[in-house]
Amino acid sequence: MRLVGEGFFTLLAKNYISEHPLSAGYLQNYGHFFAQFLKGFKPCKPYPYLIDIAYFERYYEQCYHSDNAQFLIHSIYPIIDIWQLNESSEDLNLTEQAQYVLIAKRNLEVVVSKISQSDFLTLGGENRKIT
């Protein structure tokens, strides 16, 4: 909602709920298909980075609910910078370099780190590019 505003986010949520109705009272995995949904949702076309952010958020959530899990992400967008935007941020700079990201749970805390392309590949990230 911080990235697209309340009105657009409400539109996204209503359409997602319509296409993916809740089948159980357990909400933890409800957003599992959200990134895929965004790929096909035409109003998101001006916001291509939202797909990567949705994957990022999903992996972050999975780390939070797992024991010592980790995920690798490569995005052509500066997704850590985008993710860290707060409500008072006025400008979104998409001209920054692509980022390789490690999301990992260490000692009950989810840690997000920028890593090098070399580290990304060493850790097995070659098949985990999200864009």
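Bear in mind the structure is a predicted one, so any value in this text is a computation, not a measurement.

Novice: Explanation requested: the environment of His65 in the structure shown.
Specialist: Among the structural elements, His65 can be located in the loop between helix H3 (49–64) and strand E1 (70–75). For the pair His65 and Val110, spaced 45 residues apart in the sequence, the C-alpha separation amounts to 9.6 Å. A distance of 2.7 Å separates the side chain of His65 from the side chain of Glu61, its partner in a polar contact.

Novice: Is there a simple way to explain helix H1 (residues 6–19) in this structure?
Specialist: Working note: α-helix, 3.6 residues per turn, so residues spaced by three or four point in the same direction. Helix length check: H1, at 14 residues, gives a terminal C-alpha distance of 20 Å against a target of 20 Å (1.5 Å per residue), a fit within 8%. Of all the positions in H1, only Phe8, Leu12 and Tyr16 are classed as buried. Considered in projection along H1, the buried side chains sweep an arc of 65 degrees and stay on one side of the axis. Exposed and facing more than 90 degrees away from the buried side of H1 are Glu6, Gly7, Lys14 and Ser18. Buried residues in H1 make contact with helix H2 (34–40) and H3.

Novice: What is the right way to look at the sheet that holds strand E3 (residues 109–115) in this model?
Specialist: Backbone hydrogen bonds hold the strands of a sheet together, and the pairing may be parallel or antiparallel. Across the sheet, three strands lie side by side as E1-E2-E3; this open sheet has antiparallel pairing. Whereas interior strands pair on both sides, the edge strands pair on one side only; in this sheet they are E1 and E3. With direction set aside, neighbouring strand axes in the sheet form an average angle of 20 degrees. Relative to E3, strand E2 (residues 99–106) is paired through seven bridges, and the arrangement is antiparallel. When the sheet's bridge partners are listed, Ala104 is paired in E3 with Val111. Packed on one face of the sheet, H3 meets E1, E2 and E3 and runs near 20 degrees to E2.

Novice: Just checking my understanding: could you explain the nonpolar core for this structure?
Specialist: Side chains that are nonpolar tend, in soluble globular proteins, to be buried together. Core analysis: the biggest nonpolar cluster contains 27 residues, and Leu38 and Ile103 have the highest contact counts within it. Those elements that provide at least two residues to this core are H1, H2, H3, helix H4 (79–83) and E2. Of the residues forming this core, the biggest block, nine residues, is contributed by H3. Sequence-distant contacts of Ile103, defined by excluding residues within four places in its chain, comprise Phe56, Tyr59, Tyr60, Cys63, Ala69, Gln70, Phe71, Ile73, Val110, Val111 and Val112. Grouped together as the second largest cluster of nonpolar side chains are six residues, Leu102, Ala104, Ile115 and Phe120 included.

Cut-offs used in this document
Residues numbered from 1 in each chain as written. Predicted model: local features only at pLDDT ≥ 70, side-chain atom pairs only at ≥ 80, totals over all residues. Heavy atoms only, no water. Helix = DSSP H or I, 4+ residues; strand = E, 2+ residues; numbered from the N terminus. Polar contact = N/O pair within 3.5 Å; in protein donor to acceptor, adjacent residues only side chain to side chain. Expected span 1.5 Å × (residues − 1). Buried < 20%, exposed > 50% of the residue type's maximum accessible area, 1.4 Å probe, protein only. Arc of directions from axis to C-beta. Contact = heavy atoms within 4.5 Å. Pairing = 2+ DSSP bridges. Axes fitted to C-alpha atoms, helices over the stretch in contact; angles between N-to-C directions. Core = buried A, V, L, I, M, F, W, Y, C linked by side-chain atoms within 4.5 Å.

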